[in-house]
Amino acid sequence: MSTHQPPMQQAPAAAPAWQAAPGGDRPGYSSPIPVVRTHLGHALASEWTKIKSVRSTMWTLGVFVLLVVGIGLLAGVAVRGSGDLSGQSPLTLGFFGLLIGIMCVITLGVLTTASEYGTGMIRTTTTACPSRGRVLAAKAIVFFALAFVVTLAVVSFVAMVQASMLEGQGAKSPSTEEWLKATLGISLYVALLGLLSLLVGSMIRHSAGAITIMIGAVLAPLVIALFMNASSLEKVQRALLEYSIPSQMGVFYDNTLSHSGPSGWEPLWIMLGVTAAAYAAAYALLQSRDV
Amino acid sequence: MIEAVGLTKRYGDKTAVHNLSFQVRPGAVTGFLGPNGSGKSTTMRMILGLDNPTSGQVTIGGYPYRRLPNAPRQVGALLDAKAVHGGRSARSHLLSLAQLSGIPARRVDEVLGVVGLQEVAKKRSKGFSLGMGQRLGIAAALLGDPQVLLFDEPVNGLDPEGILWVRNLMKALAAEGRTVFVSSHLMSEMALTADHLIVIGRGQLLADMSVTEFISANSADFARVRTPDTEPQLREKLSSALTEAGGHVLPEQDGALRVTGLPLPRISDLAHEADVRLWELSPHQASLEEAYMRMTQGAVDYRSTIDQKTGLQQPLPPGTQPPMPVPGQGQPGWYAPPPPQQGGHPFAMPAPSGPYGGAPAGAYGAPGAGAPNPYAAPAAQAPQAQQAPPAQPPVAAPPAPAAAPAQSAPAAPAADPTQPEDAR
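These figures come from a predicted structure and were not determined experimentally.

A. Examining the overall build of chain B more closely. Scanning chain B from terminus to terminus reveals 15 helices and 13 strands. Within the span of chain B, comprising 424 residues, buried residues form 53% of the whole. Partitioning the contacts of chain B with sequence separation of at least 6, the portion at a separation of at least 24 is 71%. Put simply, chain B shows about 17,800 Å² of open surface, and 57% of that area lies on carbon and sulfur atoms.

And the structure:
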């Protein structure tokens, strides 16, 4: 009947254009929009737009700031009331809030990559930028910068407030290196930990799975070590205690469980090595796997 | 220009796409058809470099996608509508893509206008309907103003106005000299949109030809001839006359005849010679849908069966009719009913006692025959339908003596408009 007439009539009309079109070469259409050769800068701008336009960023970082500032100030107030710091550095008190706060950074890191897989956005992204390595690099840079800046700001604020609160309460005044470690050092460490989460998210491609793995990696060694009482396992127990992530974070505050593990800035180099290895693995998987 | 050569994709031991070779040329809308699970989306993903082919390759303008310079400015794609982060607003989503591709930000507002989403640009896409999601996906595809466009099921979830818009958009894009590659499982949609067809089934190429070629290769034109229902003997007479003259005659369900192999004037002459009056003599072309169904019949992976509800049914109280089968459920020969304007008869038929009231009354209204299955019948009489289903649904039909003749006779004309006229 008549409904199928239109294609009948169109097909012959379309045929000449079809045949006239050059076979292998680029066809006639060219866009009036100027073509720009894209580079990492474009990907960075794009990732910045992405990370700031989802609510999870605001929520995770908001909770992070609340936890670190809130717990840090509460600890300061509590210690100030008793006044028995007995020569310890007041910066140590910033550690507790951060211990819980890293969960937020881990979550945000994982979500930055894994949520793209969960929503299917990764296919849109990879179509718009077939250079997958560039996308991963842009994500890593944007997330690391954001996590570092936020952590540095919050940790520095808490450290300064605590130092001023506890002045003249028997606390020793921290040296420049202690200041650096408790602000710059720990911020770099936390941002690297978040970056590691981002890379794990890219490898696991599942938000809940990657978050579980990261939280397990942070907590499990310490918890296992606590119950490892057999004497033959003493070395294992000690290694788990000393190299668990909370202990390594404690190094930046000179607040460790033992005195033989990593010290000074060593945890930062350990984390840097682990993250670099994870980056290489995530990059290789991203290049070879189907999206 | 998209060119696939020997494209193969295996997932474990399941072959999704097998040795697929085709070309998609600029300046035309190329339809990519196949049943669910036939490998359309996998092929699309391989074209876009998202999946790596197990063997073979596919290039756009001579380059594999992942090595294409300025890829987002050359190729735009709508893969699936929900490939967006639901928590991000439509505008932010498009802005991030524009930034990634080096496209000026004002282009984002342009494409939002093109797809008609300006009003909800600041809303989170989580709350979008399927149709709005499709529009957002189309906006993303158009963002780079590319010369090659891929759309995977673009009309899914769109309202009729949206479908018309997409149809015209595809044609307009192709008319500008772009390569437009559209996948769909709706043949009727492709019939209105595409110039060229690539049909796959079970990951293998079934056809690669223009729409006209596709139809003529897959179906013969035929004439429908209707003799007065009041005189069945005229029908027999005409049938034998036509068969003698070398025509091929098939009776249709409602009493008409389907004639192939004879031109219309010749049929008219033969009828005149045989002294048979004609109520209808009309040329027909088998629909694209019909040709497509026949072609892919052996390649359908997911086929529904009748919901038997064995042992779960209450015995029907006496005097009630067994339920009508749900159209399209478990009927292999089923295909989409035609749009309303095609459903009825082309000519005004003389009174309700015409083609429905007379001869077919027995078929529809026989006591104990159960509910008529308006969909099974055309398949039964169409010679190409291999799995002609039993004419009756296997619903245990208790005899309904009081109901049958009285109730089902009026029901018959009501059921008829949904009957697919496979001769559209």
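B. A look at a nonpolar patch on the surface. A contiguous nonpolar patch, built from Leu219, Val223, Leu226 and Phe227 of chain A and spanning about 420 Å² of accessible area, is present on the exposed surface. Relative to the elements of secondary structure, phenylalanine 227 of chain A occurs in the loop between α8 (207-226) and α9 (234-243).

C. Representation of the interface of chain A and chain B. Residue-level contacts link 51 residues of chain A with 69 residues of chain B. Surface buried jointly by chain A and chain B totals about 5,400 Å² across both partners, of which 57% is contributed by carbon and sulfur atoms. Counting across the chain A and chain B interface gives 2 salt bridges. For lysine 9 of chain B, the salt bridge is made with aspartate 290 of chain A, and the minimal N-O distance between the two is 2.6 Å. The interface formed by chain A and chain B holds 20 residue pairs in polar contact (both at pLDDT 80 or more) in total.

D. Representation of the nonpolar core within the structure. Residues Leu98 and Met249 of chain A together with Ile2, Leu150 and Phe181 of chain B are the most contacted members of the largest nonpolar core, which totals 83 residues. When near neighbours in sequence (up to four residues on either side) are disregarded, leucine 98 of chain A contacts Phe64, Val68, Thr151, Val155, Ile186, Val190, Met249 and Tyr253 of chain A. Core analysis: the next-biggest nonpolar cluster, separate from the first, contains 56 residues, Leu78, Val166, Met190 and Ile215 of chain B among them.

E. Fine view of unusual backbone geometry. Positive phi is not limited to glycine here, since arginine 205 of chain A has a value of about 60°. You can call arginine 205 of chain A partly exposed: its relative accessible area is 26%. With phi around 50°, glutamate 153 of chain B is a residue other than glycine that occupies positive phi space. Structurally, the position occupied by glutamate 153 of chain B is in the loop between β6 (148-152) and α6 (160-175).

F. How the structure looks around the packing of helix α5 (residues 130-142) of chain B against α6 of chain B. Residue and element names in this part refer to chain B. Contact geometry of α5 with α6 gives a least axis separation of 12 Å together with a crossing angle of 15°. By the angle between their axes, α5 is roughly parallel relative to α6. With respect to the hand of their crossing, α5 and α6 are arranged in left-handed fashion. Where α5 approaches α6, its residues Arg135, Ile138 and Leu142 are matched on the opposing element by Glu161, Gly162, Trp165, Val166, Leu169 and Leu173. Considered class by class, the residues forming the contact of α5 with α6 number 6 nonpolar, 1 polar and 2 charged.

G. Expanded view of the pattern of salt bridges. By the definition in use, this model includes 19 salt bridges over all chains. When the shortest N-O distance is used, the salt bridge between arginine 91 of chain B and aspartate 109 of chain B registers 3.0 Å. A residue pair is termed long-range when its members are at least 10 positions apart, and arginine 91 of chain B in helix α3 (residues 90-101) and aspartate 109 of chain B in helix α4 (residues 106-115) qualify at 18 residues. Via salt bridges that share partners, Glu47, Lys50, Glu116 and Lys139 of chain A belong to a single interconnected network.

H. Summary view of the packing of aromatic side chains. Using the criterion set out here, one finds 8 aromatic pairs over all chains in the structure. Ring geometry for phenylalanine 22 of chain B versus phenylalanine 32 of chain B: centroids 6.0 Å apart, planes at 40°, classification tilted. Of this pair, phenylalanine 22 of chain B sits in strand β2 (residues 14-24) while phenylalanine 32 of chain B is found in strand β3 (residues 28-33), placing the two residues 10 residues apart along the sequence. Here phenylalanine 32 of chain B falls in the buried class, since its relative accessible area comes to 0%. Through pairs of rings, three or more aromatic residues link up here, namely Phe95, Phe96 and Tyr253 of chain A.

I. Examining the sheet that holds strand β12 (residues 257-260) of chain B more closely. All names here are of chain B. Ordered in space as β11-β12-β10-β13, the 4 strands form an open sheet in which the pairing is antiparallel. Edge strands, defined here as strands with exactly one partner in the open sheet, are β11 (248-251) and β13 (280-284). Neighbour-to-neighbour, the strand axes of this sheet turn through a mean angle of 25°, independent of strand direction. Pairing between strand β10 (residues 222-226) and β13: 5 bridges, direction antiparallel. Looking at β13, one finds that phenylalanine 222 is bridged to histidine 284. With respect to the sheet, helix α10 (residues 264-274) is in contact with β10, β12 and β13, its orientation differing from that of β13 by roughly 160°.

J. Up close: the confidence of the model for chain B. All names here are of chain B. Of the residues in chain B, 72% reach a pLDDT of 70 or more, and the chain-wide mean stands at 77. Taken as a whole, residues 327-424 scores under 50 in pLDDT and shows 142 contacts with residues more than four places along the chain or in a different chain. With pTM at 0.75, the complex prediction returns an ipTM value of 0.86.

K. Here's a closer look at the sheet that holds strand β4 (residues 55-60) of chain B. Residues and elements named next belong to chain B. Taken together, the 3 strands give an open sheet; going across it, the order is β2-β1-β4, and neighbouring strands pair in antiparallel fashion. The open sheet has two free edges, formed respectively by β2 and β4, since each of these has just one partner strand. Mean inter-strand twist for the sheet, computed between neighbouring axes without regard to direction, equals 20°. Judged from the 7 bridges that link them, strand β1 (residues 2-11) and β2 form a sheet pairing that is antiparallel. Bridge pairing in β2 places arginine 10 opposite threonine 15. Together, β1, β2 and β4 form the strand contacts of helix α1 (residues 40-47), whose direction differs from that of β1 by roughly 120°.

Cut-off values and rules
- Residues numbered from 1 in each chain as written.
- Chains lettered and ligands numbered in written order.
- Predicted model: local features only at pLDDT ≥ 70, side-chain atom pairs only at ≥ 80, totals over all residues.
- Heavy atoms only, no water.
- Helix = DSSP H or I, 4+ residues; strand = E, 2+ residues; numbered from the N terminus.
- Buried < 20%, exposed > 50% of the residue type's maximum accessible area, 1.4 Å probe, protein only.
- Contact = heavy atoms within 4.5 Å.
- Areas by Shrake-Rupley, 256 points an atom, 1.4 Å probe, with all protein chains shown as cover.
- Patch = residues over 30% accessible without salt bridge, like charges linked within 9 Å, V, L, I, M, F, W, Y side chains within 5 Å.
- Salt bridge = Lys/Arg side-chain N within 4 Å of Asp/Glu carboxyl O.
- Buried area = accessible area lost by both parts, 1.4 Å probe.
- Polar contact = N/O pair within 3.5 Å; in protein donor to acceptor, adjacent residues only side chain to side chain.
- Core = buried A, V, L, I, M, F, W, Y, C linked by side-chain atoms within 4.5 Å.
- Axes fitted to C-alpha atoms, helices over the stretch in contact; angles between N-to-C directions.
- Parallel < 35°, antiparallel > 145°, perpendicular 65-115°, else oblique.
- Left-handed = near helix turned anticlockwise from the far one by under 90°.
- Nonpolar A, V, L, I, M, F, W, Y, C, P; charged D, E, K, R; others polar.
- Phe/Tyr/Trp six-rings, centres within 6.5 Å; stacked < 30°, edge-to-face > 60°.
- Pairing = 2+ DSSP bridges.
- pLDDT = per-residue confidence, 0-100.

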